[in-house]
Amino acid sequence: MSLTREQVVQGVKGIVSEERVITDKHILKESSVDRFRKYEFISGVYTQHIPAAIVKPENTEQVAEVLKYCNENGINVIPRTGFSALEQMLESVKENHIVLDGSGMNKIIKIDECNMQVTCQCGVNLQELDEILQAKGYTTAHSPQSKPLAQMGGLVATRSIGQFSTLYGGIEDMVVGLEAVFPNGEITRIKNVPRRAAGPDIRHVIIGNEGALCYITEVTVKIFKYMPENNLFYGYTLDSMKTGFEILRQVMVEGYKPSVARLYDAADAQGHFSHFANDECVLVFMAEGPKGIAEATGAGIEAVVKQYPECQKVDSQLIEDWFARLNWGLEQVEQERIEISETKNMGFTTEVAGCWDCIHEIYTRSIERVKNEIPDITWMGGHSSHSYLNGTNMYFVYYYDVNCAPEEEIHKYHNPINKIIVEEALKAGGTMVHHHGVGKARAPWIKEEYGSSFYILKTLKNAFDPNNIMNAGNIIPVDFLK
Ligand SMILES: Cc1cc2nc3c(=O)[nH]c(=O)nc-3n(C[C@H](O)[C@H](O)[C@H](O)COP(=O)(O)OP(=O)(O)OC[C@H]3O[C@@H](n4cnc5c(N)ncnc54)[C@H](O)[C@@H]3O)c2cc1C
């Protein structure tokens, strides 16, 4: 029989001290959702299960005890660190769940300058970590837009990707080792070695698990030398996305590794670069690293772009200045809430990926269909944000006027828009990128069939079905836990 809310609260209080169990009603309500439901949140309408408690463990052993207790008593657990998720990842499908909040586990354990790695607890904030490293001449080189908000556990759990990924990769390329706790309370350590090749890489069972499989308590990531004095910035205006994609492709194919390689369409460019874009697309590059490498990368980019006389170079300072203001902290989140409540104009994003031969089709078809099929769309644009040897990501940004009750907004606008973009990506041979596309929580069959997010592993067999929207490339062996 399920425990009552009071029993759940008493149970966790018996494991961690009383002040580590939060039961304030307002805080609990706010913890029932993430930014996926920002309109409901702003309107003070809470339609999801309200947690029985937020539990703030002090150490790995407490995480293990809490998970074991919840596992034995059928209590759903939502892991959380920075609270910047935007995909229903922090919602529970079962009532009387707890949020296991590791933000208090925020010690940097070791900066290892010999082996170029840093070990920290799950609650270490990325921006703070990077500032400490930068003062010593190093950097994580990981810079998602949510850097001021996100913490190491959540970053690894979401396979997060940052602005310099074209050179350094996503967080999955940066993680060296981990400590994680499984639902039965078992603590697993994956040690910090440069390479392993016996069987599948078990780090990838944990990286990107979205808090569905285990709780990440400690993370070791690579560090790199920090040399901002060598950074080179490049910006160009051009009139065609097709040409822009071809330039990105050529830069990658020729073997250059810019840290930033982005292409904004005219609409999105207007939002970012209105002072010089003049209704054109904008191409942005950044080259970095040791001086000689940065300069050679920059020269390579310029040589590729030169083949396209329609590209007009802009002052590099404009790009450098723009870049310095790209990240979002609490202030920007608050400002957005104010604007939405005043205007009822809602903005969201969806990210997909495709190879070079289909990315332009994905881009044009998605924009065309969303504009045609979704009522109240006020604006839509997009940019390619991370490039690879074989393709790129496309990040769609869209706004609509909300003409419905807060609790209907997701169904009337956001889900249908996502569906169109993901459908077009899949049809053309691409895929969604889960952290802005369809995370585990968005797949309704998971909710209906299994409830507890910790049982998601059993459902991953669905990922092998090519028609399934979850087939995003993050396939984990089924029956792993047996
Ligand atoms: C303005 C804004 C910009 C963003 N830009 C980017 C971007 O550029 N790139 C990008 O990748 N993402 C971006 N995001 C999304 C989000 O910031 C990332 O997914 C981030 O990695 C989440 O980290 P967090 O610490 O806030 O995690 P949370 O929000 O606390 O949790 C996110 C997910 O991870 C799980 N989780 C959290 N901690 C743990 C843990 N210790 N163990 C196991 N599971 C855990 C949760 O259950 C949840 O499923 C952005 C979000 C916002 C609001």
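Reference entry: report on the structure contained in this document. (Residues numbered from 1 in each chain as written. Predicted model: local features only at pLDDT ≥ 70, side-chain atom pairs only at ≥ 80, totals over all residues. Heavy atoms only, no water.)

Here's the deal with the nonpolar core
So, point 1. Counting 47 residues, the largest nonpolar core has Ile247, Phe285, Phe396 and Tyr398 as its most contacted members.
So, point 2. A domain split of this core shows at least three residues from each of domain 3 (228-324) and domain 4 (330-432).
So, point 3. Sequence-distant contacts of Ile247, defined by excluding residues within four places in its chain, comprise Leu238, Leu283, Phe285, Val304, Val305, Tyr308 and Cys311.
So, point 4. Core analysis: the second largest hydrophobic core is formed by 27 residues, Leu133, Val205, Val219 and Ile223 among them. (Core = buried A, V, L, I, M, F, W, Y, C linked by side-chain atoms within 4.5 Å. Buried < 20%, exposed > 50% of the residue type's maximum accessible area, 1.4 Å probe, protein only. Domains from an automatic or database assignment. Contact = heavy atoms within 4.5 Å.)

Some points on the layout of surface pockets
So, point 1. In this structure, the second largest pocket occupies an estimated 630 Å³ of space.
So, point 2. In terms of lining residues, the second largest pocket is bounded by 28 residues, among which Gln134, Lys147, Phe164, Tyr226 and Phe323 are the most central.
So, point 3. Counting residues per element, the ones that place at least two in the lining of the second largest pocket are helix H5 (126-135) and helix H12 (316-324).
So, point 4. Ranked by the residues each element gives to the lining of the second largest pocket, the list is headed by H5, at 4 residues. (1 Å grid on protein atoms, 1.4 Å probe; cavity = no way out; pocket = protein on both sides within 12 Å on 5 of 7 lines; lining within 4 Å. Points joined across faces, edges and corners; volume = space filled by probe spheres on them. Helix = DSSP H or I, 4+ residues; strand = E, 2+ residues; numbered from the N terminus.)

Overview of the pairing of strand E10 (residues 215-222)
So, point 1. In terms of burial, E10 is a largely internal element, 7 of the 8 residues being buried.
So, point 2. Summarising the sheet, strand E6 (residues 117-121) and E10 pair through 5 bridges and their orientation is antiparallel. Looking at E10, one finds that Gln117 is bridged to Lys222.
So, point 3. When strand E8 (residues 175-181) meets E10, the two strands line up antiparallel, connected through 6 bridges. Across the sheet, Glu179 pairs through a bridge with Glu218, a residue of E10. (Pairing = 2+ DSSP bridges.)

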